[in-house]
Amino acid sequence: MTTHTHRSTTARREAEVIAPPGQPLIEIVREFDAPVDRVFRAHVDPELVVQWLGPRRLRMRLEQWDMRRGGAYRYVHVDEDGTEYGFWGAVHDVQPGRSITQTFGFDPEPDTPTLDKAEFTDLGDGRTRLRVVSVTHDVATRDAMLSSGMEGGMQESYQRLDELLAGPMEAS
Amino acid sequence: MEQEERLSRVFAALADPTRRDVVRRLATADATLTDLASAYDVSVQAVAKHLKVLEDAGLVRRTRQAQRRPATLNADVLDLMTAWIERRRREVEERYQRLDAVLDRMAQDEEPSLRRQEGAAS
């Protein structure tokens, strides 16, 4: 598997994350070497979702998965010491092969869900572009979300934060 | 926990549009309170308050050059924001590499049946 490819034909294989200063949103763009229907199915079929959505080191338990207009979902990431991180949301709309619109909430912060829209674009040649825009209630919530590592594994995030903060900032 | 509070202060400081604008200006050049106040339609006291918040968050340093005390952007803290976005990007990339693997497995599973159905609509 190559990790460094500079040829333009494979440009932007790696995920791009855009968090514009002062705007309450996070945008993710990623391209896949798979047809759009397959990428879409991997997002809605619960048996496929559990294979990739959760961080590798955490166990993922799907408690509810109803990906259709007016549906809902809930899943829990369980780490090594049994700590659970629950995520849930309402499914607002699903357009097969085109888009999924849903809210995304984290148990400890029930009143600050994001509104997420995932769009699937057929790039031809069996390739697909996925673009996910998450909108938060305000910029402060977006920034807090960005800093907290919503994926779970909070301890690891905070350790890295400690390292970062213990670095150059102290030297003034 | 103290570190977390520090980061919260950074984000809280940047949640205000005027303060973000001050940071943008200081990214170009150091400026005194008077310089900054003339750029906004608010009182010198209001700008001083904003500067204080930025200073407390560690985003801005005010050097002691006699009366002038120009404010300087503390670039390390902004690098921290960049680091957060990069960390997030890596998390997302890891997740999508797992999805790549799932898509590969799906392709392997689908190929025999596709041949059998000879391209029947899915």
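**Some words on the overall build of chain B**
And then number 1: Per the secondary structure count, chain B includes five helices and two strands.
And then number 2: Along chain B, helices and strands appear, N-terminal first, in the series α-α-α-α-β-β-α.
And then number 3: Here chain B holds 122 residues, and the buried ones make up 25% of them.
And then number 4: Put simply, 49% of the contacts in chain B that link residues at least 6 apart link residues at least 24 apart.

**Focus on the sheet that holds strand β6 (residues 99–106) of chain A**
Residue and element names in this part refer to chain A.
And then number 1: Across the sheet, which stays open at both edges, the eight strands sit in the order β1-β2-β8-β7-β6-β5-β4-β3 with antiparallel pairing between neighbours. Two strands close off the open sheet at either side, each with one partner strand: β1 (16–18) and β3 (59–65). Averaged over all pairs of adjacent strands, the angle between strand axes in this sheet comes to 20 degrees, irrespective of strand direction.
And then number 2: Note that β1 and strand β2 (residues 25–32) share three bridges and pair antiparallel. Bridge pairing in β2 links E16 to V29.

**Overview of the nonpolar core**
And then number 1: Counting 21 residues, the largest nonpolar core has V17 and V39 of chain A together with L99 and L103 of chain B as its most contacted members.
And then number 2: At the level of secondary structure, the elements contributing two or more residues to this core comprise β2 and α1 (36–44) of chain A together with α5 (75–117) of chain B.
And then number 3: Of the residues forming this core, the biggest block, five residues, is contributed by α5 of chain B.
And then number 4: Of all hydrophobic cores here, the second largest spans 18 residues; its members include F11, L51, A57 and L73 of chain B.

**Topic: unusual backbone geometry**
And then number 1: Phi angles above zero are rare outside glycine, and D125 of chain A is one such case at about 55 degrees.
And then number 2: Residue D125 of chain A is classed as exposed on the basis of its 7 C-beta neighbours within 10 Å.

**Here's the deal with the pairing of strand β8 (residues 127–135) of chain A**
All names here are of chain A.
And then number 1: Examined bridge by bridge, β2 and β8 share eight bridges and lie antiparallel to one another. What sits directly across from L25, in β8, is V135.
And then number 2: Judged from the nine bridges that link them, strand β7 (residues 109–124) and β8 form a sheet pairing that is antiparallel. Opposite T121, over in β8, you have R129 as the bridge partner.
And then number 3: Hairpin connection from β7 to β8: two residues lie between these consecutive antiparallel strands, with D125 at a positive phi of about 55 degrees.

**A word on the confidence of the model for chain A**
And then number 1: The predicted model of chain A averages 81 in pLDDT, with 78% of residues at 70 or higher.
And then number 2: Between residues 1–12 of chain A, whose pLDDT stays under 50, and residues either more than four places distant or in other chains, the model counts three contacts.

**Details of the pairing of β6 of chain A**
Residues and elements named next belong to chain A.
And then number 1: In this structure, strand β5 (residues 84–95) lies alongside β6, joined through six bridges in antiparallel fashion. In the sheet register, V94 faces β6, and the bridge partner there is I100.
And then number 2: Two successive antiparallel strands, β5 and β6, enclose a turn made up of three residues, where G97 displays a positive phi of approximately 75 degrees.
And then number 3: As judged from the seven bridges shared by β6 and β7, these two strands associate in the antiparallel manner. Bridging across to β7, F106 finds its partner in E109.

Conventions adopted
Residues numbered from 1 in each chain as written. Chains lettered and ligands numbered in written order. Predicted model: local features only at pLDDT ≥ 70, side-chain atom pairs only at ≥ 80, totals over all residues. Helix = DSSP H or I, 4+ residues; strand = E, 2+ residues; numbered from the N terminus. Buried ≥ 20, exposed ≤ 12 C-beta atoms within 10 Å, placed from the backbone. Contact = placed C-beta atoms within 7 Å. Pairing = 2+ DSSP bridges. Axes fitted to C-alpha atoms, helices over the stretch in contact; angles between N-to-C directions. Core = buried A, V, L, I, M, F, W, Y, C linked by C-beta atoms within 7 Å. pLDDT = per-residue confidence, 0-100.

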